[in-house]
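# A structural walkthrough
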Amino acid sequence: MNWLTSYVRPKISALVNRKDMPDNLWQKCGSCSQMIYQKELELNLNVCPHCDHHLRMPITARLEMLFDGGEYQCIELPQPAVDPLKFKDKKKYTDRLKEYQAKTSEKDAIKVAHGKIDGRMVVVAAFNFAFMGGSMGMAVGEGILAAAKLAVVQEAPLVTIPASGGARMQEGILSLMQMPRSIIAVDLVREAGLPYIVILTDPTTGGVTASFAMLGDIALAEPGAIIGFAGARVIKETIREELPEGFQRSEYLWDHGMVDMVVPRKQLKKKLGDLLDLLMSKKPKASVLQLADKSEPAELPPITKA
Amino acid sequence: MSSLHILDFERPVVELESKIHELRRLSDSEDFNIADEVTKLQAKIDKQLKSAYTNLTAWQKTQIARHPDRPHSQDFINGLIDDFMPLAGDRAYAEDHALVGGIGRFRGQSVIAMGQEKGRDMASRMKHNFGMTRPEGYRKAIRLMEMADRFGLPVLTFVDTAGAYPGVGAEERGQAEAIARSIQTCLNLQVPMISTVIGEGGSGGAIAIAAANHVVMLEHAVYSVISPEGCASILWRDGEYNVDAANALKITAQDLQSLKVIDDIVEEPLGGAHRHPTQTIAALGDTIEKSLISLSGLGKTELKAHRREKFSAMGQEGLVG
């Protein structure tokens, strides 16, 4: 190390690596290993154009995809106590937080948005996996609770989109306490008679799965997402056996009765809209009523005998 | 105490105890007075125990909390619940022996009591799956809690688990859903619920039966989102840092009380519950009775509201000061 490498080179690279040059123009698909042009990947909702593998999706892109015209508003979330444990491993938790805040320009791992989906007001609480692995601490619990309260006030359905490795260890027992806390949120929505739908994305594990994420009136999952309680490695070490094919993937969960549907990302908005319509607009639409009122039946197909 | 389970910091005490034992043996065979010597040694033991037990680290407490001679859920149930009738099964798949539960009388009052049981010897440990509950156990807990709700019986739970069982079958049968549903059931009960962490409060497996009106911990019990070993291997990338992880995680009863996560601590006799199980069980009984009395003024909806308020405040602005 000399002054050339430690001083001059960073300065030069700072000049060269301007922000308008995106870091990675190409991304490798985790499933088929093909290189995908970043722009193409984004246009394809982060689904591999070669093999349909669903890559993780940035939170803003996901919200844009779900809301009509990509329009939504995020609510400001209350600031919970910061680092009450004064947690420190190799690094201070507060430093780690700052790092992720700088990296993601977000305060924590959740965003609460509201806007229209198929013309209907919906509240969405979405996890940001890029922020400390979407881990659930007090701020996330606060977010879910705020989302639920907003849904109740707006008489809107609540949709949660977990993407999380589980509880945020650095908040110790207080992160564990977000499990009952998030369940209280779900119960507020339930008691108001409003639908609560979960869209399980890759990955949804640990304390997040074992709380609000498994309590949806209806549970949708994206193809191939890892969804489970215990980590595969922990299970493998416990039972000392190979895990079954497709273990803890969406399709496996569907097979075992744990989710209602596995929905490809491109159909997610429509499926969600349709479900909410069925749950929220229970009476037949006016035009349908008129038809039913007609004294003469509509033209029936002729009955033919085989 | 069985000599197989001596904790490092208890070694000097155990040595003194064996000296007393030796003296007693000698005095049986030869005729000489040992009373003075025994009193002296006993005083020494008490002093040693006091100094060891007043400054326990979080890791030492973890070891005590896992001590195999500590009273387990079944011991608390046997000691505190009269006419106990064990109830079994989730009515869907199996009976999970990792979670024992049933109906009985606590100081005259009919209650539902349950808890994770780790087992004592190898055979019973296997039977109880080392206290690691599978989905069926949580679904049995849900069934019992719902029954308690219907009949207006208080629910007492004893938490003692390393965590929910991590296995293929458990995952396939919805471990996460079972835990979530069990927490939800706790929260919505319209009867008093009192939970005590008697040993190890291991993460989701513990909170599944501990979202209660009053949460109590024994003095040397621990309660954590992850085991110190697990945390060390993830954050320090080295399981050897379990002592640091135990400290950082704030898992002791004393830490948790100052974080306002638990309501009460039951003192253990000098030298821990594993030396004096009967006294510990009785002391917890008194605390549970007091808790029940303090909750007796609350109506059905107030009991649920009390729990909801308590847990939705955990993490709010300004909670911890």
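Rules used in this analysis
Residues numbered from 1 in each chain as written. Chains lettered and ligands numbered in written order. Predicted model: local features only at pLDDT ≥ 70, side-chain atom pairs only at ≥ 80, totals over all residues. Heavy atoms only, no water. Phe/Tyr/Trp six-rings, centres within 6.5 Å; stacked < 30°, edge-to-face > 60°. Buried < 20%, exposed > 50% of the residue type's maximum accessible area, 1.4 Å probe, protein only. Helix = DSSP H or I, 4+ residues; strand = E, 2+ residues; numbered from the N terminus. Pairing = 2+ DSSP bridges. Salt bridge = Lys/Arg side-chain N within 4 Å of Asp/Glu carboxyl O. Domains from an automatic or database assignment. Contact = heavy atoms within 4.5 Å. Buried area = accessible area lost by both parts, 1.4 Å probe.

Summed over all chains, the structure comprises eight aromatic pairs over all chains. Ring centres 5.6 Å apart and planes at 80° place the aromatic pair Phe247(A) and Tyr252(A) in the edge-to-face group. The class for Phe247(A) is buried, based on a relative accessible area of 7%. Between Trp236(B) and Tyr241(B), the ring centres sit 6.2 Å apart and the planes meet at 10°, which makes this aromatic pair stacked.

All right, on to the pairing of strand E7 (residues 196-200) of chain A then. All names here are of chain A. Counting buried residues along E7, five of its five residues qualify, which places the element largely inside the surrounding structure. With burial as the criterion, each face of E7 is covered, one bearing Tyr196, Val198 and Leu200 and the other bearing Ile197 and Ile199. Note that strand E6 (residues 158-161) and E7 share three bridges and pair parallel. Within E7, the position partnered with Leu158 by the bridge is Tyr196.

Once that is clear, we can look at the pattern of salt bridges. By the definition in use, this model includes 35 salt bridges over all chains. Here the residues in one salt-bridge network are Arg66(B), Lys118(B), Asp160(B), Glu200(B) and Glu229(B), joined through shared partners.

All names here are of chain B. Domain annotation of chain B identifies domain 1 (3-55) and domain 2 (62-312). The distance between the C-alpha centroids of domain 1 and domain 2 comes to 34 Å. With 10 residues of domain 1 at the contact, the number on the domain 2 side is 11 residues. Across the domain 1 to domain 2 interface the summed buried area is about 910 Å²; carbon plus sulfur atoms make up 65%.

Residues and elements named next belong to chain B. Within strand E6 (residues 214-218), five of the five residues are buried, leaving the element largely enclosed by the surrounding structure. Covered by surrounding structure in E6 are His214, Val216 and Leu218 together with Val215 and Met217, the residues of both alternating faces. Across four bridges, strand E5 (residues 193-202) lies against E6 in parallel orientation. Looking at the pairing, Val197 lines up with Met217 of E6. Summarising the sheet, E6 and strand E8 (residues 264-266) pair through three bridges and their orientation is parallel. By the bridge assignment, Leu218 is partnered in E8 with Val266.

In this section: the side chain of Asn128(A). Relative to the helices and strands, Asn128(A) resides in the loop between strand E5 (120-127) and helix H5 (138-154). Contacts of Asn128(A), omitting those with residues within four sequence positions, involve Ile59(A), Thr104(A), Glu106(A), Ala109(A) and Gly134(A).

This brings us to the interface of chain B and chain A. Between chain B and chain A, the residue contacts involve 47 residues of the former and 50 residues of the latter. Carbon and sulfur atoms make up 71% of the area that chain B and chain A hide from each other, which totals about 4,200 Å². Run the count over chain B and chain A and you get two salt bridges. With its nearest N and O atoms 2.8 Å apart, the salt bridge here joins Glu191(A) to Lys304(B).

This next bit is on unusual backbone geometry. Residue and element names in this part refer to chain A. Cis peptide bonds are those with omega within 30 degrees of zero, and the linkage from Asp202 to Pro203 qualifies with -10°. Relative to the elements of secondary structure, Pro203 occurs in the loop between E7 and strand E8 (204-205). Even without being a glycine, Leu45 presents a positive backbone phi close to 55°. Position of Leu45 among the secondary structure elements: in the loop between helix H2 (38-43) and helix H3 (59-66). Despite not being glycine, Glu155 has its phi angle at roughly 50°, a positive value. One can find Glu155 in the loop between H5 and E6. By relative accessible area, Glu155 is classed as exposed at 61%.

Residues and elements named next belong to chain B. Position of Val155 relative to the elements: it lies in strand E4 (residues 155-161). Separated by 16 residues in the primary sequence, Val155 and Arg139 place their C-alpha atoms 15 Å from one another. If we ignore the near neighbours within four places in the chain, the residues touching Val155 are Ile112, Met114, Met145, Ala148, Leu189, Val191, Pro192, Met193 and Ile194.

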